[in-house]
Amino acid sequence: MADLAARAAGLALPVRQYAQIAAMWVRAALAYPASFAMFVVGSFALTGLDFVGIWIIFSRIDNLGGFGVREVALLYGLTGLGIGFADLTIGNVERLGTLVRTGELDVMLTRPVPLLVQVCADRFALRRVARITQAGLVLGWGATSVSWTPARALVAVIAVAAAAVIFFCLFVLFSTFQFWWGDASEFANAFTYGGNTITQYPLTVFPRELVVSLTLVVPIAFVNWYPALFLLDRADPFGMPGWLQLASPLAAAVLLAVTMSFWRIGVRHYTSTGS
């Protein structure tokens, strides 16, 4: 029990440190309430344009890849919440290349706070909550396409949590390459925001080979595709095993282990700016 308590305390400390750094940036943002409000409204409108595009598509067709507009809204909302929570909490890890180039990372390494905590909490942007709000509203509408049961409600909650973890891992994993490549944030964006864009649509509009890659190589399909099939009580149109519909937590756990290992490798190989 004592060992378990020590581990819990060890995990709680970085969370508390993250919260303290984030709170500092929140206070700075709220010091200019009018500016903050305009940023939130602008972000809400900008992210909402994604679904407006989908809505326009459905003004011309009845279904997309065998899915109706409310079912696509379900897919959109699940992936939107996942990337929204990840982007809010750790999206600033994309700035790793800039931190390396300017020498700020060297300063962070001298502080008694885990490096990943500092990088993720630096310049915490509360305005990104607008993406979560917009995705939540779309998900609420899309959820009307589901015949809800307690099991499906539980799967939906777990799916959102797993999606956030998967996007968290993708942000960190591909940003870690910047230890070697410098400012390569666009490379990471191809997998994070690009992955979000792909999963806004039914994967039936893509070739089977891509779906297999998004399942076994970069597990973006677990963000919303497989959980949505379970929620909608649909058989997998690609003939993939049925248990994959409940495997999002497993995919998130495996990807998290890989990501943390790769992050530690990147930190060990970092030899200071300009080297």
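Here the structure is shown first, and the text comes after it.
Just so you know, these numbers come straight off a predicted model, no measurement behind them. (Residues numbered from 1 in each chain as written. Predicted model: local features only at pLDDT ≥ 70, side-chain atom pairs only at ≥ 80, totals over all residues. Heavy atoms only, no water.)

J.: Looking at this structure, I do not really get the environment of Gly 80. What am I missing?
T.: Topologically, Gly 80 is positioned in helix H3 (residues 69–90). We classify Gly 80 as buried; its relative accessible area is 8%. In sequence terms Gly 80 and Ala 163 are 83 residues apart; their C-alpha atoms lie 9.1 Å from each other. Leave out the neighbours within four places in its chain, and Gly 80 touches Arg 131, Ala 135 and Asn 196. (Helix = DSSP H or I, 4+ residues; strand = E, 2+ residues; numbered from the N terminus. Buried < 20%, exposed > 50% of the residue type's maximum accessible area, 1.4 Å probe, protein only. Contact = heavy atoms within 4.5 Å.)

J.: Any chance you could explain the packing of H3 against helix H13 (residues 221–231) here in plain terms?
T.: Between two packed helices, the angle of one axis relative to the other and the distance separating the axes together describe the packing. The geometry of H3 relative to H13 is characterised by a closest axis approach of 9 Å and an angle of 135° between their N-to-C directions. Classified by the angle their axes make, H3 and H13 are oblique. By crossing handedness, the relation of H3 to H13 is classed as right-handed. Contacts between H3 and H13 involve Leu 74, Leu 75, Leu 78 and Thr 79 on the former and, on the latter, Val 223, Asn 224, Trp 225, Ala 228 and Leu 231. Its residues assigned to classes, the contact of H3 with H13 comprises 7 nonpolar, 2 polar and no charged. (Axes fitted to C-alpha atoms, helices over the stretch in contact; angles between N-to-C directions. Parallel < 35°, antiparallel > 145°, perpendicular 65-115°, else oblique. Left-handed = near helix turned anticlockwise from the far one by under 90°. Nonpolar A, V, L, I, M, F, W, Y, C, P; charged D, E, K, R; others polar.)

J.: Explain unusual backbone geometry here, please?
T.: Most peptide bonds take the trans form, and the phi angle of most residues other than glycine is negative. If you check the backbone angles, Arg 123 has positive phi at about 60° while not being a glycine. A residue is classified by how much of its surface remains accessible, and Arg 123, at 40% relative accessible area, is partly exposed. Even without a glycine there, the phi angle at Asp 233 is positive, about 55°. Locating Asp 233 in the fold gives a position in the loop between H13 and helix H14 (248–269). The exposed category is assigned to Asp 233, whose relative accessible area is 61%.

J.: It is not clear to me how the pattern of salt bridges should be interpreted in this structure. Could you clarify?
T.: Two side chains with opposite charge may pair up if their charged atoms get near one another. Counted under the stated rule, the structure contains 5 salt bridges. Salt-bridge contacts for Glu 71 lead to Arg 234; the nearest nitrogen and oxygen are separated by 3.1 Å. Within this pair, whereas Glu 71 is found in helix H3, its partner Arg 234 is found in the loop between H13 and H14, the two being separated by 163 residues in sequence. Residues Asp 87 and Arg 128 are paired through a salt bridge, measuring 3.7 Å at the closest nitrogen-oxygen approach. A residue pair is termed long-range when its members are at least 10 positions apart, and Asp 87 in helix H3 and Arg 128 in the loop between helix H6 (115–121) and helix H7 (129–142) qualify at 41 residues. In this structure, Asp 87 and Arg 128 share a single accessibility class: buried. (Salt bridge = Lys/Arg side-chain N within 4 Å of Asp/Glu carboxyl O.)

J.: I tried to follow the side chain of Asp 87 on my own but got confused; where do I start?
T.: Classification of Asp 87 by relative accessible area gives buried; the value is 6%. At a separation of 2.9 Å, a polar atom in the side chain of Asp 87 contacts the side chain of Tyr 193. Residues contacting Asp 87, with those up to four places away along its chain left out, are Arg 128, Arg 131, Phe 171 and Tyr 193. (Polar contact = N/O pair within 3.5 Å; in protein donor to acceptor, adjacent residues only side chain to side chain.)

J.: Would you mind showing me how to read the state of the cysteines here?
T.: What we call a disulfide is simply a covalent bond connecting the sulfur atoms of a pair of cysteines. Applying the stated criterion to the full structure yields 0 disulfides. Here Cys 120 is not cross-linked by a disulfide; its sulfur's nearest cysteine counterpart is in Cys 169, at 11 Å. A residue is classified by how much of its surface remains accessible, and Cys 169, at 0% relative accessible area, is buried. (Disulfide = S-S within 2.5 Å.)

J.: Can you walk me through the packing of H3 against H7 in this structure?
T.: Contact pair H3 / H7: the axes reach a minimum separation of 7 Å and the direction vectors enclose 155°. Judged by the inter-axis angle, H3 sits roughly antiparallel to H7. Pair H3 / H7 crosses with left-handed handedness. Per-class residue counts for the contact of H3 with H7 are 15 nonpolar, 6 polar and 3 charged.

J.: Just to check I follow, could you spell out the layout of surface pockets for this structure?
T.: Empty space among the atoms becomes visible once a probe the size of a water molecule is rolled across them. Here the largest pocket is characterised by a volume of approximately 330 Å³. Together, 14 residues line the largest pocket, and Pro 14, Val 15, Tyr 18, Val 117 and Phe 168 are the ones closest to its centre. The element contributing the most residues to the lining of the largest pocket is helix H1 (residues 2–30), with 5 residues. Class assignment for the residues of the lining of the largest pocket results in 12 nonpolar, 2 polar and no charged. (1 Å grid on protein atoms, 1.4 Å probe; cavity = no way out; pocket = protein on both sides within 12 Å on 5 of 7 lines; lining within 4 Å. Points joined across faces, edges and corners; volume = space filled by probe spheres on them.)

J.: Just checking my understanding: could you explain empty space enclosed by the protein for this structure?
T.: Counted by the stated rule, this structure contains 1 cavity of 30 Å³ or more. Approximately 50 Å³ is the volume attributed to the largest cavity. Forming the walls of the largest cavity are Thr 47, Asp 50, Tyr 76, Gly 80, Ile 83, Arg 131, Gln 134, Ala 135, Asn 196 and Gln 200. Elements with a contribution of two residues or more to the lining of the largest cavity: helix H2 (33–58), H3 and H7. A class-by-class count of the residues in the lining of the largest cavity yields 3 nonpolar, 5 polar and 2 charged.

Any functional reading would require information that these geometric values do not contain.
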